[in-house]
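Architecture at a glance
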Amino acid sequence: MILGYITVKNKKQAKEVAKLLLAQDLIYSASISTKKVFSKNLDTGEIGYEKQTIIEGKTKALLFSTINQILRVTYPENMPMLYAVPIIYMDAEQTQTLRDQTAKV
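Computed from a prediction, not measured in an experiment: that's the story for all the values here.

**Thoughts on the sheet that holds strand E3 (residues 47–59)**
- If you trace the four strands from one edge of the open sheet to the other, you get E2-E3-E1-E4, paired in antiparallel fashion. One side of each edge strand has no neighbouring strand; the edge strands of this open sheet are strand E2 (29–40) and strand E4 (81–86). Each neighbouring strand pair of the sheet contributes to a mean axis angle of 30°, computed without reference to strand direction.
- Bridging between E2 and E3 involves twelve bridges; their strand directions are antiparallel. Considered in E3, the bridge of Thr34 is made with Thr53.

**A closer look at the packing of aromatic side chains**
- This model, assessed by the stated rule, comprises two aromatic pairs.
- Here the aromatic rings of Tyr5 and Tyr83 are separated by 5.2 Å at their centres, their planes lie at 10°, and the arrangement is stacked. In this pair, Tyr5 is assigned in strand E1 (residues 2–8) and Tyr83 in strand E4, connecting sequence segments 78 residues apart.
- Centroid distance Phe38 to Tyr49: 5.4 Å. Interplanar angle 45°. Geometry classified as tilted. With Phe38 in strand E2 and Tyr49 in strand E3, the pair connects residues that are eleven residues apart, well separated along the chain.
- Classification of Tyr49 as partly exposed rests on a relative accessible area of 48%.

**A short note on the environment of Ile87**
- Relative to the helices and strands, Ile87 resides in the loop between E4 and helix H3 (92–101).
- Sequence separation between Ile87 and Ile2 is 85 residues; the distance between their C-alpha atoms is 5.0 Å.
- Not counting chain neighbours up to four residues away, the residues in contact with Ile87 comprise Met1, Ile2, Leu3 and Lys58.

**Details of helix H1 (residues 11–23)**
- Between the first and last C-alpha of H1 there are 18 Å, a value that for 13 residues agrees with the 18 Å anticipated at 1.5 Å per step.
- All of the buried residues along H1 are Gln13, Ala14, Val17, Ala18 and Leu21. Down the axis of H1, the buried set is contained in an arc of 135°. They therefore lie on one face. In H1, the exposed residues that point more than 90 degrees away from the buried face are Lys12, Lys19 and Ala23.
- In this fold, the buried residues of H1 make contact with E1, E2, E3 and helix H2 (64–74).
- The backbone nitrogen of Lys12 has a side-chain oxygen 3.2 Å away, supplied by the residue at the start of H1, namely Asn10.

Conventions used here
- Residues numbered from 1 in each chain as written.
- Predicted model: local features only at pLDDT ≥ 70, side-chain atom pairs only at ≥ 80, totals over all residues.
- Heavy atoms only, no water.
- Pairing = 2+ DSSP bridges.
- Helix = DSSP H or I, 4+ residues; strand = E, 2+ residues; numbered from the N terminus.
- Axes fitted to C-alpha atoms, helices over the stretch in contact; angles between N-to-C directions.
- Phe/Tyr/Trp six-rings, centres within 6.5 Å; stacked < 30°, edge-to-face > 60°.
- Buried < 20%, exposed > 50% of the residue type's maximum accessible area, 1.4 Å probe, protein only.
- Contact = heavy atoms within 4.5 Å.
- Expected span 1.5 Å × (residues − 1).
- Arc of directions from axis to C-beta.
- Polar contact = N/O pair within 3.5 Å; in protein donor to acceptor, adjacent residues only side chain to side chain.

Next comes the structure, spelled out in structure tokens:
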């Protein structure tokens, strides 16, 4: 199991992505939040921030490449950043629900 993170430009695109992946049973659930992301400008040395909208979705690790492929096809010009972290421990019943509610692989 993984927790997938998808970073998009705005909430409208976040809702589109979440609905797309939920409709195809590629994620079990999704939460959308907006955060300030700080970074350092390598040329000036200044630290600044930008707002990013992030979708967090629980899914099976084996579905990651399918999710990536669908996002690449759907958003060829504005590909969201996609990465995942493993879910190490999860309640057994919740794990089974996640398995049952996502696409079979």
